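Each chain is listed here by its residues.
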Amino acid sequence: MFEIIKENNKYKNLVNGSWIASESNDYIEIKSVLDNSTVGFVPTMSQKEVDNVLENAKVAQKQWRETSIDERANLLYKAAEILEKNVGVFVDSMIHEIGKDKKSCKSEVLRTADFIRYTADTVRTMSSECLVGDGFYGGNPKKTGIIKREPLGVVLAISPFNYPINLAASKIAPAIAIGNSVVLKSSTQGSICGLHLVRVFEEAGVPKGVIQTVTGKGSEIGDYIVAHKNIDFINFTGSTDIGKRITSKCGMIPVILELGGKDAGIVLEDADLDHTANQIIGGAFSYSGQRCTAIKRVLVMEEVHDILVEKLLNKIKDVTVGNPLNGDFDVVPLINDKSADFVMGLINDAKDKGATILYGDKREGNLIYPTLIKDVTLDMNVAWEEPFGPVLPIIKVKSYEEAIEIANKSEYGLQSSVFTKDINKALNIADKLEVGTVQINNKTERGPDSFPFLGVKNSGIGVQGVKYSVEAMSRPKVTVLNI
Ligand code: NAP
Ligand code: G3H
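Residues numbered from 1 in each chain as written. Chains lettered and ligands numbered in written order. Predicted model: local features only at pLDDT ≥ 70, side-chain atom pairs only at ≥ 80, totals over all residues. Heavy atoms only, no water.

A. Highlighting the sheet that holds strand β7 (residues 129–132). Here we have three strands laid out as an open sheet, ordered β7-β8-β26, and antiparallel in their pairing. Where the open sheet ends on each side, the last strands, each with one partner, are β7 and β26 (474–482). Within this sheet the neighbouring strands show an average axis-to-axis angle of 25°, counted without direction. (Pairing = 2+ DSSP bridges. Helix = DSSP H or I, 4+ residues; strand = E, 2+ residues; numbered from the N terminus. Axes fitted to C-alpha atoms, helices over the stretch in contact; angles between N-to-C directions.)

B. Focus on the site of ligand 2. Around ligand 2, the neighbouring residues are R111, N162, Y163, R291, C292, T293, E445 and R446. Grouping the amino acids of the shell around ligand 2 by side-chain chemistry returns two nonpolar, two polar and four charged. For the shell around ligand 2, the two domains that each supply at least three residues are domain 1 (6–259 + 460–482) and domain 2 (263–451). (Near = heavy atom within 4 Å. Nonpolar A, V, L, I, M, F, W, Y, C, P; charged D, E, K, R; others polar. Domains from an automatic or database assignment.)

C. How the structure looks around the site of ligand 1. Surrounding ligand 1, one finds 32 residues, the nearest of these being T188, G218, S239, L259 and E386. With respect to ligand 1, the side chain of E258 contributes an N or O atom lying 3.3 Å from an oxygen atom. Taking E386, its side chain carries an N or O atom lying 2.7 Å from an oxygen atom of ligand 1. Here ligand 1, which alone exposes 910 Å², has 88% of that area covered by the protein. Every element with two or more residues in the shell around ligand 1 is listed here: α7 (218–226), β12 (233–237) and α8 (240–249). Residue composition of the shell around ligand 1, by class: twelve nonpolar, 13 polar and seven charged. Mapping the shell around ligand 1 onto the domain boundaries places at least three of its residues in each of domain 1 (6–259 + 460–482) and domain 2 (263–451). (Polar contact = N/O pair within 3.5 Å; in protein donor to acceptor, adjacent residues only side chain to side chain. Areas by Shrake-Rupley, 256 points an atom, 1.4 Å probe, with all protein chains shown as cover.)

D. A look at the environment of G238. Following the sequence through the fold, G238 ends up in the loop between β12 and α8. As a C-alpha pair, G238 and K338 span 100 residues in sequence and 16 Å in three-dimensional space.

E. Examining the packing of aromatic side chains more closely. Evaluation of the coordinates by the stated rule reveals three aromatic pairs. A ring pair is formed by F2 and F90, whose centres lie 5.8 Å apart and whose planes are at 85°; its orientation type is edge-to-face. Here F2, found in the segment before β1 (6–7), pairs with F90, found in helix α3 (residues 87–98); they are 88 residues apart in sequence, far enough to count as distant. Each member of the pair F2 and F90 is classed as buried. Plain terms: the ring middles of F136 and Y137 are 5.5 Å apart, the flat faces sit at 70° to each other, and that makes the pair edge-to-face. (Phe/Tyr/Trp six-rings, centres within 6.5 Å; stacked < 30°, edge-to-face > 60°. Buried < 20%, exposed > 50% of the residue type's maximum accessible area, 1.4 Å probe, protein only.)

F. Seen up close, the pattern of salt bridges. Applying the stated criterion across every chain, the model contains 27 salt bridges. Overlapping salt bridges bring together R65, E66 and E150 as one network. (Salt bridge = Lys/Arg side-chain N within 4 Å of Asp/Glu carboxyl O.)

G. Examining the pairing of strand β22 (residues 415–419) more closely. For β22, a buried count of five out of five residues is recorded, marking the element as mostly surrounded by other parts of the structure. Going residue by residue along β22, you find Q415, S417 and F419 tucked away on one face and S416 and V418 tucked away on the opposite face as well. The sheet contact formed by β22 and strand β23 (residues 437–440) spans four bridges and is parallel. Looking at the pairing, V418 lines up with I440 of β23. At this point the chain moves from β22, through helix α13 (residues 423–432), to the parallel β23, and the crossover so formed is right-handed. (Right-handed = clockwise from strand over helix to strand, strands pointing away.)

What follows is the structure in structure tokens.
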């Protein structure tokens, strides 16, 4: 079923129901993160081609919004089934293109199928409601409001490299479920995975023009597409820099932005330190820390600092390192040279300023070994920057207040963890943390995908999570009957 999306390893875009080769014959070579081999070529689309895609999306959406929720939900169930059946194809594509290990690729695909299915379940329950105006002050029982959910129109979905299936589908499924059409612009490194995903929705029977794709470098086509007159909503996941750039270009087009993070693991003196160390190491190093929700700093009370450090040091030795072509590993090569250079820069800056490297600090190509750093002080870049790599700084604190202050001083506000046996303390600290989600006695993480997921400050705008995404990509439409 995937043969039609490419010819001679040159991928096509889905445009108005047909897979179309590049008009200009201009292609970007996608090389494997793992061995530099060619994975395939994706078209660099011109502004004219983008215009055509967006024109089709406008037309298709007008018909699509007239279909029943039941019809749309059934297409989603079918898409989830097809995705699951083809898990092997997706795993292969992801391993080569983004260098994720097989086990994580598989779980991403299966989680995505569940997400799509749950979206179908959820949208069925989000149908219209009626309100009678008699409850309000000075009540008027003669007014009846029919409140329907209206789609917004054309949704531009822009996804990052690290979850090329899940973070594309988690925009597409809620958007189309409520009657929008979608144009997917995947991360260039990850775009082949994105094209495979869209083929699944097409195979499930999503009508022409309802989902289409655009490929090309964000740095070249991004500014044009985000400000396009035919876009009604932008659903973006990626770095804070690009998120900010989009808001500076898109004018009044509404957005959801899921951006970077610097999630803190706050460890109190009464925490179960074995459990805490397990959670922190898993949270910091899986997929080499290339997760928005990775634990990116530890703030530990001085009383238990040394014991925790010892436990982290013991645990980090279990973190597996290697090339996903040879097996399942926690730490794998980073997505590109620039990312690896950036991470090494953070490590070197910390060393220069007096931090102690406990483990790691070793690089082979883009593979950076899991690195644990103590004696980290607030003048070091690693205390504040999002590494998106396998490096974990440990900062010693004297009080809860200090932990909260340092946690909140970050420009980011995605998630935080608090480790303690005292639920009252945990809840008090949770109340004061400026983040979207606080995890108590668990690593920071996104799922379950039905929960609201959001970042505050430079971590984002708006709320995702199945029901919340449907709400964000629709609006109430009120018709009032006056009798
Ligand atoms: P990125 O470099 O910001 O790219 C994200 C997407 O934006 C890609 O599709 C990229 O396309 C596109 N893009 C680039 N320039 C653009 C422009 N001027 N206009 C419009 N789109 C443009 O991020 P990434 O490296 O793929 O992902 C890592 C970042 O994403 C991290 O900061 C991570 O924390 C964040 N993230 C956040 C969440 C969350 O839920 N909060 C989840 C996952 C990742 P090209 O690839 O063609 O440049
Ligand atoms: O990279 C961001 C993802 O949304 C994180 O999801 O916490 O399940 O790894 P995760």
